[in-house]
Amino acid sequence: MTRKLAATLLASLSFAATTAPAASAADYLGTYRDQPTSYSAGVCGDASVLGFITSRFEYKAANYLHANLSIAEIRNMGQNRLELRDYTHRVEREYCRATAVMTDGDQRPLYYLIERNWGFAGIGRSIEFCVGGLDPWYVYGAHCASLR
């Protein structure tokens, strides 16, 4: 009796496996995945983002580095990486890189992160940045590693 039951169970499982729709390995999220919000590719070069970085660096240089230094120009903006929103990550992150021309004439690498759907009720954005060689406390790791 148990052999007959086991054979019937095995036959029904094999029939169910052959008639079930195939799922690809990349479809592990299924229908629960939120649709990612797409933003323009030019966010790294947005004037408001660059203006925020320039003014905030001037404050940090004066109050933390105790240096008379500021960013004269930001060149060669580009995107390093983009992490879109999904059901497990509610904040979209765009990692950018640029070249900062300082008032002392040095050109330094600039790495910055723009996080969207931030702040009160998911409105707004957060901007973190690091100028290469001017992070003496390694807030963003050695050579700005956490923002690369």
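Figured I'd write up the structure that's included with this text. Values in this document were obtained by computation on a predicted structure and should not be read as measured data.

### What to know about the overall build of the chain
Here's step 1: What the chain contains, in helices and strands, is two helices and four strands.
Here's step 2: Out of the 148 residues in the chain, the part that is buried amounts to 28%.
Here's step 3: Here the analysis covers contacts within the chain between residues at least 6 apart in sequence; of these, 48% occur between residues at least 24 apart.
Here's step 4: Roughly 9900 Å² of accessible area belongs to the chain as shown, and the carbon and sulfur atoms make up 56% of that amount.

### What to know about helix 2 (residues 47-65)
Here's step 1: In a regular helix each residue adds 1.5 Å, so 19 residues correspond to 27 Å; helix 2 covers 25 Å between its end C-alpha atoms and thus fits that length.
Here's step 2: For helix 2, every residue scored as buried is listed here: Val-49, Leu-50, Ile-53, Phe-57 and Ala-61. The buried residues of helix 2 occupy one face: seen down the axis, they fall within an arc of 100°.
Here's step 3: Its buried side turned inward, helix 2 meets strand 1 (71-83), strand 2 (92-102), strand 3 (107-116) and strand 4 (125-131).

Criteria and thresholds
Residues numbered from 1 in each chain as written. Predicted model: local features only at pLDDT ≥ 70, side-chain atom pairs only at ≥ 80, totals over all residues. Heavy atoms only, no water. Helix = DSSP H or I, 4+ residues; strand = E, 2+ residues; numbered from the N terminus. Buried < 20%, exposed > 50% of the residue type's maximum accessible area, 1.4 Å probe, protein only. Contact = heavy atoms within 4.5 Å. Areas by Shrake-Rupley, 256 points an atom, 1.4 Å probe, with all protein chains shown as cover. Expected span 1.5 Å × (residues − 1). Arc of directions from axis to C-beta.

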